[in-house]
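Below are the chains, spelled out letter by letter.
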Amino acid sequence: MINVIIAGPRGKMGRAAVQMVQEAERFQLVAVLDRKNGGKRLSDLEGFSGEKSDVPIYEDHEECFKTVKADVLIDLTTPEVGRIHTLAALSHGIRPVVGTTGFSDEDLEDLRTMTREKGIGCIIAPNFAIGAILMMKFAQNAAKYFGDVEILEMHHDQKLDAPSGTAIKTAQLISEERTEKKQGHLKEKETIEGARGADFEGMRIHSIRLPGLIAHQEVIFGGEGQTLTLRHDSYDRKSFMSGVRVSVDTVMNLDHLVYGLENILD
Ligand code: NAP
């Protein structure tokens, strides 16, 4: 049995993760980390019922990690606290599976160093949806043939970070195949700032935020007389949970940081 703590259980992703852990035979939810409701039980909160939700809620991560015997922390919070939770979990020998997006390169480097020192695993995945991973892989492949590409990522309007972690990861994978170059007309000028989107090594990333959306991305390649569009849509947060489940299992056998679900899938 793998004992799991979930940080951010009242959030949209956190709720889906609580349900996934409770339904998985090999996992046991042992506590949750929240920024309110410390001292209560998860089953006291609206929307969480049943015996499997009868677990303590902690507001203080140190107290939680010290008191509860856990193997894995699933973090689905915000970049600032997610980073703190992840470092603290590692220092207590608890393996983090992090869905929280917005970690900087420095954060990742700190975590890489810490996992090496501790010799325990950590998985950080900007996107846990298998379809999104395939979209990224296909985009990387297409970049061998198309050097001109723009990424459109579309999310709900409560998302804190832009561009999305998935868009950044896609751009990084494409850049492994693409020779860096500035796209568009050499003399192009923005008459309204931001019109051409964010610049990643000369390719452009556009972030759309609207109510009604969940998580969607298009990668559009352009060549002479043709375009190629790759698109992935997450219509439900359940789309992310099979990736979280695989990560919880896999992180138990790792001794280092893995960034990106594509690195643990065949
Ligand atoms: P959300 O609904 O806003 O949930 C975030 C939760 O974290 C909220 O319940 C918030 O509490 C809680 N929180 C904030 N500070 C906390 C703290 N100190 N301790 C414990 N909990 C704390 O957001 P979401 O849509 O679930 O997304 C959560 C994260 O997952 C974001 O970073 C998002 O970008 C990311 N995400 C990742 C994937 C993936 O596949 N990797 C997919 C979708 C989303 P309050 O309600 O009190 O503010």
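Before any of the text, the structure's been laid out above.
Presented here is a report on the structure given in the accompanying data block. (Residues numbered from 1 in each chain as written. Predicted model: local features only at pLDDT ≥ 70, side-chain atom pairs only at ≥ 80, totals over all residues. Heavy atoms only, no water.)

This paragraph deals with the overall build of the chain. Summing up its helical and strand segments, the chain has seven helices and twelve strands in all. Radius of gyration (C-alpha) of the chain: 20 Å, near the 18 Å computed for a compact globule of 266 residues. For the chain, the spread of C-alpha atoms along the principal axes amounts to about 60 × 40 × 30 Å. Taking all 266 residues of the chain together, the buried fraction comes to 52%. Of the contacts made within the chain by residues no fewer than 6 positions apart, 70% connect residues no fewer than 24 positions apart. Accessible surface computed for the chain: about 13,300 Å², of which carbon and sulfur atoms make up 48%. Between the averaged position of the 32 positive side-chain charges in the chain and that of its 41 negative side-chain charges there is a distance of 1 Å. (Helix = DSSP H or I, 4+ residues; strand = E, 2+ residues; numbered from the N terminus. Rg over C-alpha atoms; globule rule 2.2 N^0.38 Å. Buried < 20%, exposed > 50% of the residue type's maximum accessible area, 1.4 Å probe, protein only. Contact = heavy atoms within 4.5 Å. Areas by Shrake-Rupley, 256 points an atom, 1.4 Å probe, with all protein chains shown as cover. Lys, Arg positive; Asp, Glu negative; His and termini not counted. Charge placed at Lys NZ, Arg CZ, Asp CG, Glu CD.)

On to the sheet that holds strand S3 (residues 57–58). A sheet is described by the order of its strands in space; here seven strands give the open sequence S3-S2-S1-S4-S5-S6-S12, paired in parallel fashion. Two strands lie at the open edges of the sheet, namely S3 and strand S12 (257–259), each paired on one side alone. Pairing of strand S2 (residues 27–33) with S3 involves two bridges; the strand directions are parallel. Paired with valine 32 across the two strands is isoleucine 57, which belongs to S3. The strands that helix H1 (residues 12–23) touches are strand S1 (2–7), S2 and strand S4 (72–75); relative to S2, the one it contacts most, it runs at about 150°. (Pairing = 2+ DSSP bridges. Axes fitted to C-alpha atoms, helices over the stretch in contact; angles between N-to-C directions.)

This paragraph deals with the state of the cysteines. What we call a disulfide is simply a covalent bond connecting the sulfur atoms of a pair of cysteines. Per the stated rule, a full pass over the model turns up zero disulfides. Just so you know, cysteine 64 is unpaired, no disulfide at all, and the nearest cysteine sulfur is the one on cysteine 122, 16 Å from it. (Disulfide = S-S within 2.5 Å.)

In this section: helix H3 (residues 79–91). Across its 13 residues, H3 extends 18 Å between first and last C-alpha, which sits within 8% of the 18 Å expected from 1.5 Å per residue. Turning to H3, its buried residues are Pro79, Gly82, His85, Thr86, Ala88, Ala89 and Leu90. One or two positions beyond H3, positive phi appears at glycine 93, with a value near 80°. (Expected span 1.5 Å × (residues − 1).)

A word on the side chain of lysine 169. Along the chain, lysine 169 turns up in helix H6 (residues 165–175). Within the structure, the side chain of lysine 169 is placed 3.1 Å from the side chain of glutamate 262, a separation counted as a polar contact. Ignoring sequence-local partners within four residues, the contact set of lysine 169 consists of Pro126, Met136, Tyr259, Gly260, Glu262 and Asn263. (Polar contact = N/O pair within 3.5 Å; in protein donor to acceptor, adjacent residues only side chain to side chain.)

Let us now look at the packing of aromatic side chains. Summed over all chains, the structure comprises one aromatic pair. Judged by centre distance (5.9 Å) and plane angle (45°), the ring pair of phenylalanine 146 and phenylalanine 221 falls under tilted. Of the two residues, phenylalanine 146 is situated in the loop between helix H5 (130–142) and strand S7 (148–155) and phenylalanine 221 in strand S10 (residues 215–223); the sequence distance between them amounts to 75 residues. On the basis of relative accessible area, phenylalanine 146 is assigned to the buried category, the value being 14%. For phenylalanine 221, a relative accessible area of 0% gives the class buried. (Phe/Tyr/Trp six-rings, centres within 6.5 Å; stacked < 30°, edge-to-face > 60°.)

This next bit is on unusual backbone geometry. Cis geometry is found at the peptide bond from alanine 162 to proline 163, where omega equals -5°. Tracing the chain through its elements places proline 163 in the loop between S7 and H6. Even without glycine at this site, asparagine 37 takes up a positive phi of about 70°. With respect to the element layout, asparagine 37 can be found in the loop between S2 and S3. You can call asparagine 37 buried: its relative accessible area is 18%. The backbone of glutamate 201 shows a phi angle near 50°, a positive value even though the residue is not glycine. Mapped onto the secondary structure, glutamate 201 falls in the loop between strand S8 (198–200) and strand S9 (203–209). Taking relative accessible area as the criterion, glutamate 201 reaches 31% and is therefore assigned partly exposed.

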